[in-house]
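Reading the structure
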Amino acid sequence: MSKAKVHLVAAARPNFMKVAPLYHALNTADWADPVLVHTGQHYDRNMSDAILEDLRVPEPDFHLGVGSGSHAEQTGGVMIAYETVCMEHRPDWIVVVGDVNSTAACAMVGTKLWIPVVHLEAGLRSNDRSMPEEINRLVTDAIADVLWTPSEDADDNLLAEGVAGDKIDRIGNIMIDSFEMLRESIEAADARADLGLEAGGYALVTLHRPSNVDSADTLAPIVDALTEASRELPIVFVAHPRTIKGLERFGLKDSLESAADVRLLEPVPYVNFMNLVTGTRLVITDSGGLQEETTYLGIPCLTLRENTERPITVTMGTNELVTTDTLAELLQRVLAGDWKSGQRPPLWDGRTAERAVEALRRRHTAG
Ligand code: UD1
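Reading the values: the criteria
- Residues numbered from 1 in each chain as written.
- Predicted model: local features only at pLDDT ≥ 70, side-chain atom pairs only at ≥ 80, totals over all residues.
- Heavy atoms only, no water.
- Helix = DSSP H or I, 4+ residues; strand = E, 2+ residues; numbered from the N terminus.
- Contact = heavy atoms within 4.5 Å.
- Buried < 20%, exposed > 50% of the residue type's maximum accessible area, 1.4 Å probe, protein only.
- Pairing = 2+ DSSP bridges.
- Axes fitted to C-alpha atoms, helices over the stretch in contact; angles between N-to-C directions.
- Near = heavy atom within 4 Å.
- Polar contact = N/O pair within 3.5 Å; in protein donor to acceptor, adjacent residues only side chain to side chain.
- Areas by Shrake-Rupley, 256 points an atom, 1.4 Å probe, with all protein chains shown as cover.
- Nonpolar A, V, L, I, M, F, W, Y, C, P; charged D, E, K, R; others polar.
- Right-handed = clockwise from strand over helix to strand, strands pointing away.
- Core = buried A, V, L, I, M, F, W, Y, C linked by side-chain atoms within 4.5 Å.

Another aspect to go through is the side chain of arginine 209. Following the sequence through the fold, arginine 209 ends up in the loop between strand E8 (203–206) and helix H10 (210–213). Arginine 209 has contacts with Met131, Glu133, Asp286, Ser287, Gly288 and Arg305, leaving out every residue within four places of it along the chain.

The next thing to look at is the side chain of serine 48. With respect to the helices and strands, the residue serine 48 is situated in the loop between strand E2 (32–38) and helix H2 (49–54). We classify serine 48 as buried; its relative accessible area is 1%. Contact partners of serine 48, with chain neighbours within four places excluded, come to Phe16, His38, His42 and Tyr43.

For sheets, the rule is that strands pair by backbone hydrogen bonds, running either parallel or antiparallel. If you walk across this open sheet you meet the 7 strands as E3-E2-E1-E4-E5-E6-E7, and the pairing is parallel. Looking along the sheet, the strands with just one partner apiece sit at the ends: strand E3 (62–63) and strand E7 (168–170). Relative to E3, E2 runs parallel, the two being bridged by 2 bridges. Within E3, the position partnered with histidine 38 by the bridge is histidine 63. Seen against the sheet, helix H3 (residues 71–88) touches strand E1 (4–10), E2, E3 and strand E4 (93–97) and runs at an angle of roughly 170° to E1.

Residue glutamate 121 is not a glycine yet carries a positive backbone phi of 85°. The residue glutamate 121 is located in the loop between strand E5 (117–120) and helix H5 (132–143) in this model. Although it is not a glycine, leucine 347 sits at a positive phi angle of roughly 70°. Its location among the elements puts leucine 347 in the loop between helix H17 (327–335) and helix H18 (352–366).

Looking now at the site of the ligand. With respect to spatial proximity, 20 residues lie near the ligand, and among them His42, Glu133, His240, Arg242 and Lys245 are the closest. Asparagine 101 places a main-chain nitrogen or oxygen 2.8 Å from an oxygen atom of the ligand. If the ligand stood free it would expose 740 Å²; the protein chains cover 89% of that surface. Listing elements by their share of the shell around the ligand, those giving two or more residues are H3 and helix H12 (241–249). With 3 residues, the single largest contributor to the shell around the ligand is H12. A breakdown of the residues in the shell around the ligand according to their chemical character gives 6 nonpolar, 8 polar and 6 charged.

Moving on, we get to the pairing of E4. By the criterion of burial, E4 is predominantly enclosed, with 5 of the 5 residues buried. The pairing of E1 with E4 spans 4 bridges and is parallel. Across the sheet, histidine 7 pairs through a bridge with isoleucine 94, a residue of E4. Relative to E5, E4 runs parallel, the two sharing 4 bridges. Within E5, the residue paired with valine 97 across the bridge is leucine 120. In this fold, E4 hands off to helix H4 (residues 101–112), which returns the chain to E5; that crossover is right-handed.

Counting 61 residues, the largest nonpolar core has Leu8, Leu22, Val95, Trp148 and Tyr270 as its most contacted members. The next biggest cluster of nonpolar side chains, apart from the first, holds 31 residues, and it includes Val213, Leu302, Leu327 and Leu330.

Now for the sheet that holds strand E10 (residues 262–265). Strands sit in the order E10-E9-E8-E11-E12-E13 across an open sheet of 6 strands; the sheet is parallel. Each edge of the sheet is formed by a strand with only one pairing partner; in this case those strands are E10 and strand E13 (319–321). Neighbour-to-neighbour, the strand axes of the sheet open up by a mean angle of 20°, direction not taken into account. As paired elements, E8 and strand E11 (residues 282–285) share 4 bridges and run parallel to each other. Within E11, the residue paired with threonine 206 across the bridge is threonine 285. With respect to the sheet, helix H15 (residues 288–297) is in contact with E8, E11, strand E12 (301–303) and E13, its orientation differing from that of E12 by roughly 160°.

Keep in mind these values describe shape, not function.
Rendered as structure tokens:
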């Protein structure tokens, strides 16, 4: 019998750390062949190719080269390009990951061609429909055939929406697999030393949500709060291209760079970035992935958002939601050592890809 062809769809920076462990695990399976599809939503070297190299993933089999655009342009562009690939090289399974525009786009293409679609990282809900990712999550989970969830709260969300329980496989958090696969390289990397930083001697900041960085009304108070915070602890701000554009557009870049102690950096690839994460005293972020990685590593995380689709990082982990008004107070608490130590959620153990492949094999052989 020929091997099952499994498309793994990756599009944007946080997708690569989710696809890589699955790629490696499927590659060693005797019943399946992974086929990597890169939609091209992210294209800067440090947002894409350098991360894939860090994760030891080869060149994608298909590159759709979609690039940036409005939501409709991006979603539509991915659908048109991916439909052509699926018609010419029909896969047995499509795995889409996370919550970016390409996730929903490829899920729609697959289900309309009657190709079974698996959603990896299903069931997360911020319950905030002003967030583009929430729309992508709802659309993808409503149509996917199989839902791979990271934690019990995700199962509960899906069941409450009427999803049949037998579609759900709780497999755990696959990003932790990437971290554990590269732990030695991460610990040996030079990023921290190259910046002259001591472990525990700085705060790491990342921000990219449209709700934070696309308007001066939200970004200016954040810049003020970070400037204030940098008087307590040097700040390393690894900025997404969207954020750098916002800082420039609103005339905030100079004030941030001349602030007490803020280093503004362009995106950093995975291994060096995680080297910065593992040595930081705390993280200030609006990223979903970092809320999870800090919980896994037991590092205090202050999330500059009104809600999170990853509540387990707050209830079990080291994460708290903050506003520009409460940031200074919570930062003081971290510096005073008054912070919860947190626990690792069940199944966040570096073996999620193994469970995913076994779950897929069972479904594939059940036909
Ligand atoms: C996307 C995802 C978001 C995810 C984030 C991770 C959606 C709706 N959003 O947001 O969920 O957390 O990726 O980073 O899919 N740009 C570059 N180089 C690149 C990519 C983007 O310069 O390689 C710039 C472009 O000008 C683009 C802007 O960043 O307009 C935003 O990129 P886009 O892919 O639309 O969304 P993200 O903000 O990256």
